[in-house]
Amino acid sequence: MRFQRLKKIAFTLSLLSFVLSPIDGQIQYAHAAVPTILSHQGRLLDSSGNLLGGSGTNYCFRFSIYDGATVGSNTKLWPSGTPSTMTVSVKSGVFNVGIGDTSAGGDALDFDFNSISAYLNVEVAASSAGSCASVSSFDTMSPRQRVASSGYAINSEAVDGFSAAQSATGNQIPALTSGNLSLGATNPQINATGSNTLTLQSGVTGALQFFSSANSISSSGVLTLASNVLTAAGSGLDASSAGALTLGAATATSISVCDSAACDTLTFGTNADADTITIGEVSNDTVAINGATVAINSSDWDIDATGAITN
């Protein structure tokens, strides 16, 4: 028996649903889970234009999605194999089916609909005593019908009017790329509003890395750098409260203080008060000062390499 689809009654693509219901005078927004079933309704006729099914007859249907309307050509997009056969009741030519309804024998609808060209391919065959178990020969309805979206499904391409991108710029919503976040704008920023604190790595013990693992801040506040620390002119390093500022407390073998020309001068105390320099922690520590001449109070006292003191 040859079949002919003369009129498509309705084709609804339900990708995203928003339900508005007034409760206690307020609008409540219920965001339903995204359904993975397409509700399809059609009319089935024979080649003479007669409505099939009578008061209710089972027919065998197979559904697939292609990238073009012409039967016998184009590329199939879904499913990956031969479509599953669904047993569908047809009454007075009208049938209703949920494409992707696995409980009714259909294939799981895992097609992402990112393609702008998606056409529904419908195959149909008469059942054998109401069963489709032994049916293998199908007629294909032509031409394929293009999958159209409802207004809310179109809006689902964006979130509240914003679209997603893996290298987001402007007002785009950032999407992860292989688990990583990339921002495509020029000199992008991450800011907290007003005087609020922006916290990174809250409640975890992993280090915060930048550029590479050689540069990191641990959860205990230890800063590790692969190279130098540079401060602006007139700036310095200080303790947050009264107490010692320690440089090279553990593994440093020397501390150098350098200017743009060379590492040669270390200055302690530049203000008018009395400064004390303590070198060494216990009585048997040795303090070594190397140089041809050691000057004390500028040019008032000199100690040469032999230990002679002059003024």
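None of these values were measured; they are calculated from a predicted model.

## Here we look at the environment of Asp67
Structurally, Asp67 can be placed in the loop between β7 (57–66) and β8 (76–78). Asp67 gets classed as partly exposed once you look at its relative accessible area, which sits at 32%. Sequence separation between Asp67 and Tyr119 is 52 residues, and the spatial gap between their C-alpha atoms is 5.9 Å. Those residues in contact with Asp67 that sit more than four places away from it in its chain are Asn74, Thr75, Leu77, Ser117 and Tyr119. In this structure the side chain of Asp67 is engaged in a polar contact, spanning 2.8 Å, whose partner is the backbone nitrogen of Thr75.

## Points about the sheet that holds strand β18 (residues 208–210)
Pairing between the strands of a sheet is mediated by backbone hydrogen bonds and can be parallel or antiparallel. Taken in spatial order, the three strands line up as β18-β19-β20 in an open sheet, and their pairing is antiparallel. Where the open sheet ends on each side, the last strands, each with one partner, are β18 and β20 (223–224). With three bridges connecting them, β18 and strand β19 (residues 212–217) associate as antiparallel partners. Directly across from Phe210, in β19, lies its bridge partner Ser212.

## Considering empty space enclosed by the protein
Applying the stated criterion to the full structure yields one cavity of 30 Å³ or more. Estimated volume of the largest cavity: approximately 30 Å³. Looking at the largest cavity, the residues that line it are Phe63, Trp78, Ser84, Met86, Ile99, Gly100, Gly106 and Asp107.

## Describing unusual backbone geometry
Note: most residues except glycine have negative phi, and most peptide bonds are trans. Between Trp78 and the following residue, Pro79, the backbone shows a cis peptide bond with an omega angle of -10°. By secondary structure assignment, the location of Pro79 is in the loop between β8 and β9 (86–91). Note that the residue after Ser142, namely Pro143, is joined by a cis bond; omega there is -5°. Tracing the chain through its elements places Pro143 in the loop between β12 (139–140) and β13 (145–146). Positive phi values are uncommon outside glycine, yet Asn74 reaches one of about 75°. Within the secondary structure, Asn74 is located in the loop between β7 and β8.

## Points about the state of the cysteines
Throughout the structure, instances matching the rule amount to one disulfide. Across a sulfur-sulfur distance of 2.0 Å, Cys60 and Cys132 are joined as a disulfide pair. One quick way to see it: the torsion about the S-S bond of Cys60 and Cys132 is about -100°, and its sign makes the bridge left-handed. Of the two residues, Cys60 is situated in strand β7 and Cys132 in the loop between β11 (119–126) and β12; the sequence distance between them amounts to 72 residues. Residues Cys60 and Cys132 agree in their burial class; the two are buried.

## Here's the deal with the packing of aromatic side chains
Throughout the structure, instances matching the rule amount to four aromatic pairs. Both rings, one in Phe61 and one in Phe63, keep their centres 5.8 Å apart while their planes meet at 5°; by these two values the pair is stacked. You can call Phe61 buried: its relative accessible area is 1%. Put simply, the rings of Phe61, Phe63 and Phe95 pair up and form one aromatic cluster.

## Some remarks on the environment of Thr82
Within the secondary structure, Thr82 is located in the loop between β8 and β9. What makes Thr82 exposed here is its relative accessible area of 61%. Between the C-alpha atoms of Thr82 and Phe63, which are 19 residues apart in sequence, the distance is 9.5 Å. Look past the residues within four positions of Thr82 in its chain and what remains in contact with it is Arg62 and Lys76.

## Regarding the pairing of β7
Within β7, eight of the ten residues are buried, which leaves the element mostly enclosed by the surrounding structure. Of the pairings in the sheet, the one linking β7 to β9 comprises five bridges and is antiparallel in character. Residue pairing for β9: Cys60 is matched across the bridge by Thr87. In the sheet, β7 pairs with β11 via eight bridges, with the strands oriented antiparallel. Pairing of Cys60 across the sheet is with Ala125, part of β11. Where β7 and β8 come together, two bridges link them in antiparallel fashion.

## A word on the pattern of salt bridges
Under the criterion given, the structure shown has one salt bridge. Note that Arg62 and Glu123 form a salt bridge whose closest N and O atoms lie 2.9 Å from each other. Residue Arg62 is located in strand β7, and its partner Glu123 is located in strand β11; the two are separated by 61 residues in the primary sequence. Pair check on accessibility: Arg62 and Glu123 agree, each one buried.

Rules behind the numbers
Residues numbered from 1 in each chain as written. Predicted model: local features only at pLDDT ≥ 70, side-chain atom pairs only at ≥ 80, totals over all residues. Heavy atoms only, no water. Helix = DSSP H or I, 4+ residues; strand = E, 2+ residues; numbered from the N terminus. Buried < 20%, exposed > 50% of the residue type's maximum accessible area, 1.4 Å probe, protein only. Contact = heavy atoms within 4.5 Å. Polar contact = N/O pair within 3.5 Å; in protein donor to acceptor, adjacent residues only side chain to side chain. Pairing = 2+ DSSP bridges. 1 Å grid on protein atoms, 1.4 Å probe; cavity = no way out; pocket = protein on both sides within 12 Å on 5 of 7 lines; lining within 4 Å. Points joined across faces, edges and corners; volume = space filled by probe spheres on them. Disulfide = S-S within 2.5 Å. Phe/Tyr/Trp six-rings, centres within 6.5 Å; stacked < 30°, edge-to-face > 60°. Salt bridge = Lys/Arg side-chain N within 4 Å of Asp/Glu carboxyl O.

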